[in-house]
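Residues per chain are reported as follows:
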Amino acid sequence: MRILAGGTDLVPWLRDDLITPDLVVDIKRLPGLGDLDVVDGALRIGALVTFADLVASPLIAKFLPMLGEAAGTVGSVGIRHRATLVGNICSAVPSCDSGPPLLVHEAMVHVIGSEGGRVVPIREWFLGPKQTVLDRGELVAHVTVPIPPVPRGAAFVRLSRYAGEDLAQASVAVLSLPEGEWRVAFGALAPTPVRAPAVEAALSGRQANDGAIADALRLVPDAIAPITDMRASKEYRMAMAGVMLRRALHLAETRRAGAGPAYGTAVM
Amino acid sequence: MTFTTQRREVRSGVGTSADRPDGIPKVKGNFAYSSDLSAHGALWGATLRSPHAHARITRLDIGPALRVPGVSAILTYDDVPGRKVFGLEEADQPVLADGEVRYWGEPIAVVAADDAEDARRALEAIVVEYDVLEPLVDPEEAARRDETFRTMTVRRGDPEARGEVVVEGYYDTGMQDQAPLGPEAGLAIPDGEGGVDLYVATQWSHVDHEQIVAALGVPPDRVRVHLSGIGGAFGAREDVSLQIHLCMLAMHTGRPVRMVYNRAESFVGHVHRHPSRMWYRHEATRDGTLVRVTARLLLDGGAYMSSSRAVMANAAYFAVGPYRCDSVEVHGVMTRTNNPPCGAMRGFGAVQSCFGYESQMDRLADALGMDPVELRLRNALAPGDHMPTTGQLIEGSLPTAEVIERLRAIPLPSGLDATHPLHLPGGTGLTTSPGDVVRGVGYAVGMKNLMFSEAFDDFTEVRIVLTPVGVEIHTAAAEVGQGLITVCQQIARSVLDMEHVAVIFDDTSQIGSAGSTSASRQTQMTGGAVLAATTELRDRILAEYGADRLDAQGVWREGELTVSVDELCQRGPAEHHVRFRHPPTARPDDNGQGDVHVDFAVAAHRAVVDVDPELGLVRVVRVDTVQDVGKVLNPRALVGQIEGGIMQGVGLAVMEELVLDGGRIRNANFTDYLLPTFADAPDVVAEFVEEPSHFGPFGAKGAGEPPTISSTPAVAAAIRAATGRPITRVPVHPDDIIGL
Amino acid sequence: MRITITVNGVDHSVDVRGPESLLHVLREEMALPGSKNACEQGECGSCSVVLDGDVVCSCLVMAVDANGSTVRTVEGYADHDVLHPVQTALLDGGGVQCGFCTPGFVVAAAELFDVNPTPTSDEIREALAGNVCRCTGYGAILRGLEELAARNAGGGA
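Residues numbered from 1 in each chain as written. Chains lettered and ligands numbered in written order. Predicted model: local features only at pLDDT ≥ 70, side-chain atom pairs only at ≥ 80, totals over all residues.

## So, the overall build of chain C
Per the secondary structure count, chain C includes 5 helices and 5 strands. Secondary structure elements of chain C, listed N to C terminal, follow the sequence β-β-α-β-β-β-α-α-α-α. In terms of overall dimensions, chain C has C-alpha extents of about 50 × 30 × 25 Å along its principal axes. Relative to its full complement of 157 residues, chain C shows a buried share of 64%. A separation threshold of at least 6 residues defines the contact pool for chain C, and within that pool the share at least 24 residues apart is 60%. (Helix = DSSP H or I, 4+ residues; strand = E, 2+ residues; numbered from the N terminus. Buried ≥ 20, exposed ≤ 12 C-beta atoms within 10 Å, placed from the backbone. Contact = placed C-beta atoms within 7 Å.)

In structure tokens:
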């Protein structure tokens, strides 16, 4: 059984026989799955919320601007109007653009099924390429993302081969929080999007200065497991992860200090 | 009968940006491309392809597939009724696999079924067993084993000539794909009398026709090839793809059959640009005068010949570029391997060697401590000089120095414009801040022959018909999007002084060949034929009626309308047919010497790039160009050719490459075969030099290919300037910039 | 399964099977071949249509999923002989060569201008980055649409 929301992954997978489900269930008429609102200090993003919705949402711009930036890098306008954030984490390809931002924001995945509901922390969600903890007969109703305390700063840096629509070759999400807390996650650099707790620990309580960054970068190779494929080499991805992390740390810190470039528009 | 005596001016003649006649249907979505065609009761065709780059077929059983519901026919090698091979230069490629498959994706069987899904099921039900063989995929190994389509040597001048300053280098270019957006597609309709009508997107209907009738084993008049709407070509439609298969299926079933390749199939259904490995040595005096150029060019033709011999010749003849040099030696080897067949793509061999010699010119300038533009100017080829390779005297126009000087005078763009992420390397991925960026500027100059060379009997036929409502131009020339159709109209309007001109694409039974829409040839050939035919018709009419002018109202003498156009059409002469040739060319001698070309064009490009050296990302900011076009017939269409051609050159420079693994294409899709998008597109500033060709209509030269030739090395040079990296291979990868 | 889709103001009822795409049904069952089949992977934009108000790649929409919806295709932009301003802009700028990408550009650009009649050059580039053109190099498309934006700005809107 497969769930159909936007279908931007499902339709080509079905056509190319990459998956052969006995049943495809369209959830678009189920009530409540299109919600994008604030509930108990968290943003609730329903299963039918598209990346275009996220890009356009004032709530996202206000509370989770990095997620809005990440949403804007997915595919093209025509894809973003169909592709959903929940679908993106259910497809669970290693380059999944929602993964790193949701990981640093410690999102919760709200699953419903015939046995009732359960809530899965995003860190436990991904099992491998195209594999999640979702069981047959279950579907994701929504994802909740806690609104982080202020002052905060975040950055999502995504490497692609050209400016056109491309799968991420590597991505880094950084969230800087009060009291020197740092959260770091990588995408397309391991079988699943991954948090990097050792990197975070090295940064903890510190400013993103040269020394802290050098300490953090030393731990990057152990935090990720990039592969060589036709798109990029393992060595390139490994080297770029460090460069991107350094840039993302600077950007997040600048933004936390309120002196940096505005969210949601550009880095300049 | 009263005649008005007011003259109406022709508004859309030569020199104007006349509108395309097919523009309105194209923006409305009503223009019928070959993939849009259908017919009542049409079957769907589909092709079974080899999953191996090299294998013997030990068993081929279509029995189970014939029992799939909806299947009407399954045809294999044994069912090819006539000549079992086809090919552009030499018939060496089996219509369907002959017991051995020699490249990944080679057609083995074709199916006709009630719909696409039935056809797909039938393909899955065909039983094929293979004895998989080791594929030969390394061109250097193929060269050692003498597996070649052509080897050639161009020798000119004193082999002992030596320069004081010597630079050497190896250069590589990847396998580029034309990637026209319209997939290969066609519709074949049996005529009920043992013949067939094929509607297909092709660059040359008559050469398709020749190959189809040979394979079907029928007299030529049994098959008519009709041009249908063409969704881009760039060389990909010069070879036969599904033409013979469709006709076989239609003849066999007695029903119309349509076939449309999907994108993955399109990537194996047409030939590609030959990948190359080149070694060069340039020798010069201390003041920068070229003394001797030696080169070895290794191009891989893949499994079958296609147009590989002509591509090899072009790469070798243009191996020095538009520069004077009196001592030259070029060895060319075109290998035969189990890689995908390569053939025509915009630039046709001149692209590969231009990357080699322009990289060398920069290296030489560096060794001399000389400005690279000055070095090029010092050696710029001009009329009265001899081609450095073939020795041919340049008799027509060739404003090499002028295109370079004018290019240098175009103001450079100002510094980094950081107003939007799209202006930075990495784009909306926000990888790059302005402080991460370094800028580079690079120049390159390229040269190409126009029209067919080496004694090819190159002709085109045009028939002009006057009707009371306007002029008809009949031709079999393929309009692939470039705007030939508009240029032909403009020429006819200007000559006949009539605004209403229609271009009618005749099928192969109605008119003779127009030759290929390739080699930058149709403006000069079919455009030239329209000029000749309309001029001759006008002169016949004026002579017949003792008149002094002709226009849409009729025939005039001394300011009086003497014969109305209606009457003229009744009495004639109202029709004129020409078979039009360019001046003959010679076969080369054993040393590659001779007057093998008709005409040449040069172009110069300057690229400005912003590079993020830490991430290896490049944004091509602007490409400026000055091109030798002879005469501008339609400014808007010309700019379209130049900008589009530059984009394909930029694509080869930084992103476009088919990646092979044991002969298999790993990126036969638009996810991983990267085509430049709006977000990648540089701005272009284009200027023209108008020094008339000795042969083209109104002095025009073909303009389609030069933009694609030197734009690639210009971008590579700019990346070198920005990074200091050697950059000896295109497309340039991030690893090459980072130095991994 | 029998589905009904309102395309360019006309109701079409057709039988579809399995995961057939909206693009396939438009082209093969509804005699609307204007939307093009260049990649069928959502990478090129030549199949762009407006589905219930949003530009989408019709090759990535299951036809059954569009049941009951309203679709506008390239065939729905000109009013007989009167072209949509975006269609005129593409022609005037020289943005049409082989034309295979043109239907997608018409749809995507018309929707951009519907939301924002005076887009900047960068906004045009970003909005149309999902539409691949192999012939023009985009310059002529950009110039045509920039002129339309300039005209809209000058129109005192």
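After presenting the structure, the write-up continues.
## Details of the overall build of chain B
The number of helices and strands found in chain B is 18 helices and 31 strands. Dimensions of chain B, computed from C-alpha atoms along their principal axes, come out at roughly 80 × 75 × 60 Å. In chain B, buried positions account for 64% of the 740 residues. Considering only contacts in chain B between residues 6 or more positions apart, those separated by 24 or more positions represent 81%.

## Section: the sheet that holds strand S21 (residues 501-505) of chain B
All names here are of chain B. Sheet architecture is open: 4 strands sit in the order S21-S20-S19-S25, paired in mixed fashion. Only two strands of the sheet have a single partner each, and these edge strands are S21 and strand S25 (575-581). Taken pair by pair, the neighbouring strands of this sheet meet at an average axis angle of 20°, ignoring direction. Sheet topology note: the strand S20 (residues 470-475)/S21 ladder contains 5 bridges and is parallel. The partner of His474 across the bridge, within S21, is Ile504. Along the sheet, helix H12 (residues 484-496) makes contact with S20 and S21, crossing S21 at roughly 135°. (Pairing = 2+ DSSP bridges. Axes fitted to C-alpha atoms, helices over the stretch in contact; angles between N-to-C directions.)

## Some thoughts on the domain arrangement of chain C
Residue and element names in this part refer to chain C. Looking at the assigned domains, one finds that chain C contains domain 1 (2-76) and domain 2 (85-154). Relative placement of domain 1 and domain 2: their C-alpha centres are 22 Å apart. In this assembly, 13 residues from domain 1 lie in contact with 11 residues from domain 2. Looking at which element gives the most residues to the side of domain 1 that touches domain 2, the answer is strand S3 (residues 48-51), with 3 residues. (Domains from an automatic or database assignment.)

## Quick notes on the packing of helix H10 (residues 372-379) of chain B against helix H11 (residues 400-409) of chain B
Residue and element names in this part refer to chain B. Two numbers describe how H10 lies on H11: the axes approach to 9 Å, and their chain directions differ by 160°. Put simply, H10 runs roughly antiparallel to H11. Every pair of crossing elements has a handedness; the one defined by H10 and H11 is left-handed. Seen from H10, the contacting residues are Val373, Arg376 and Leu377; seen from H11, they are Ala401, Ile404 and Arg408. A class-by-class count of the residues in the contact of H10 with H11 yields 4 nonpolar, no polar and 2 charged. (Parallel < 35°, antiparallel > 145°, perpendicular 65-115°, else oblique. Left-handed = near helix turned anticlockwise from the far one by under 90°. Nonpolar A, V, L, I, M, F, W, Y, C, P; charged D, E, K, R; others polar.)

## As for the interface of chain C and chain B
With 42 residues of chain C in contact, the opposing surface of chain B contributes 45 residues. When residues of the side of chain C that touches chain B are traced back to their parent elements, those giving at least two are helix H2 (85-93), helix H3 (102-115), helix H4 (121-127) and helix H5 (139-154) of chain C. Across the side of chain C that touches chain B, the residue classes break down as 21 nonpolar, 14 polar and 7 charged.

## Some words on the interface of chain B and chain A
Taken together, the contact between chain B and chain A spans 27 residues of the former and 24 residues of the latter. In terms of residue class, the side of chain B that touches chain A is made up of 13 nonpolar, 9 polar and 5 charged.

## Examining the packing of helix H15 (residues 635-654) of chain B against helix H17 (residues 711-723) of chain B
Residue and element names in this part refer to chain B. Interhelical geometry of H15 versus H17 gives an angle of 45° and a closest axis separation of 7 Å. Put simply, H15 runs oblique to H17. Between H15 and H17 lies a crossing of right-handed hand. Residue-level contacts link Ile646, Gly649, Val650, Leu652, Ala653 and Val654 of H15 to Ser711, Thr712, Val715 and Ala716 of H17. Among the residues making up the contact of H15 with H17, the classes are represented as 7 nonpolar, 3 polar and no charged.

## Quick notes on the domain arrangement of chain B
Residue and element names in this part refer to chain B. With domains assigned, chain B is organised as domain 1 (23-32 + 459-581), domain 2 (39-134 + 179-269) and domain 3 (276-453 + 589-738). Each partner contributes residues to the interface: domain 2 has 21 residues there, and domain 3 has 25 residues. With 4 residues, helix H7 (residues 263-269) is the largest single contributor of residues to the side of domain 2 that touches domain 3. Within the side of domain 2 that touches domain 3, the residues separate by chemical class into 9 nonpolar, 5 polar and 7 charged.

## Comments concerning helix H9 (residues 210-223) of chain A
All names here are of chain A. Between its first and last C-alpha atoms H9 spans 20 Å; for 14 residues at 1.5 Å apiece the expected length is 20 Å, and the two agree. When H9 is considered as a whole, its buried residues turn out to be Ile213, Ala216, Val220 and Ala223. Packed against the buried residues of H9 are strand S12 (181-187), strand S13 (194-195), helix H8 (197-203) and helix H10 (234-256). (Expected span 1.5 Å × (residues − 1).)

## A closer look at the nonpolar core
Core analysis: the biggest nonpolar cluster contains 392 residues, and Val174 of chain A together with Val111, Cys247, Val609, Val715 and Ile719 of chain B have the highest contact counts within it. Counting residues per element, this core draws most heavily on H10 of chain A, which supplies 11 residues. Not counting the four nearest positions on each side in its chain, Cys247 of chain B is found in contact with Ala188, Val196, Leu198, Ile212, Leu216 and Val223 of chain B. (Core = buried A, V, L, I, M, F, W, Y, C linked by C-beta atoms within 7 Å.)

## As for the sheet that holds strand S4 (residues 42-46) of chain A
Residue and element names in this part refer to chain A. On the basis of which strands lie adjacent, the open sheet formed by 5 strands has the order S3-S4-S9-S5-S6 and antiparallel pairing. With partners counted over all chains shown, the strands left at the sheet margins are strand S3 (36-39) and strand S6 (116-121), one partner each. Averaged over all pairs of adjacent strands, the angle between their axes in this sheet comes to 25°, without regard to strand direction. Note that strand S5 (residues 108-113) and strand S9 (residues 138-146) share 6 bridges and pair antiparallel.

## Focus: the pairing of S4 of chain A
Residues and elements named next belong to chain A. Burial analysis of S4 places 4 of its 5 residues in the buried class, which makes it a mostly covered element. Bridge count between S3 and S4: 4 bridges; the pairing is antiparallel. Bridged to Val38 within S4 is Leu43. Once S3 ends, the chain turns through 2 residues before running back antiparallel as S4, passing Asp40 with a positive phi of about 50°. The sheet contact formed by S4 and S9 spans 5 bridges and is antiparallel. Residue Arg44 lies in a different strand from S9, and its bridge partner there is Thr144.

## Considerations on H11 of chain B
Residue and element names in this part refer to chain B. By the burial criterion, the buried members of H11 are Thr400, Val403, Ile404 and Leu407. Looking straight down H11, one finds its buried side chains confined to an arc of 95°; they lie on one side. Lining the buried residues of H11 we find H10, strand S18 (438-450), strand S26 (599-612), strand S27 (617-628) and strand S30 (683-689). (Arc of directions from axis to C-beta.)

## Brief notes about unusual backbone geometry
Gly572 of chain B connects to Pro573 of chain B through a cis peptide bond whose omega is -5°. Of note, Pro573 of chain B is situated in the loop between helix H14 (565-571) and S25. With an omega of -5°, the peptide bond between Val730 of chain B and Pro731 of chain B qualifies as cis. Assignment of secondary structure puts Pro731 of chain B in the loop between strand S31 (729-730) and helix H18 (734-738). Even without a glycine there, the phi angle at Glu179 of chain A is positive, about 60°. The residue Glu179 of chain A is located in the loop between strand S11 (170-177) and S12 in this model. Located in the positive-phi region is Leu430 of chain B, a residue other than glycine, with phi close to 55°. Note that Leu430 of chain B resides in the loop between H11 and S18. Using a count of 26 C-beta atoms within 10 Å as the deciding quantity, one classes Leu430 of chain B as buried.

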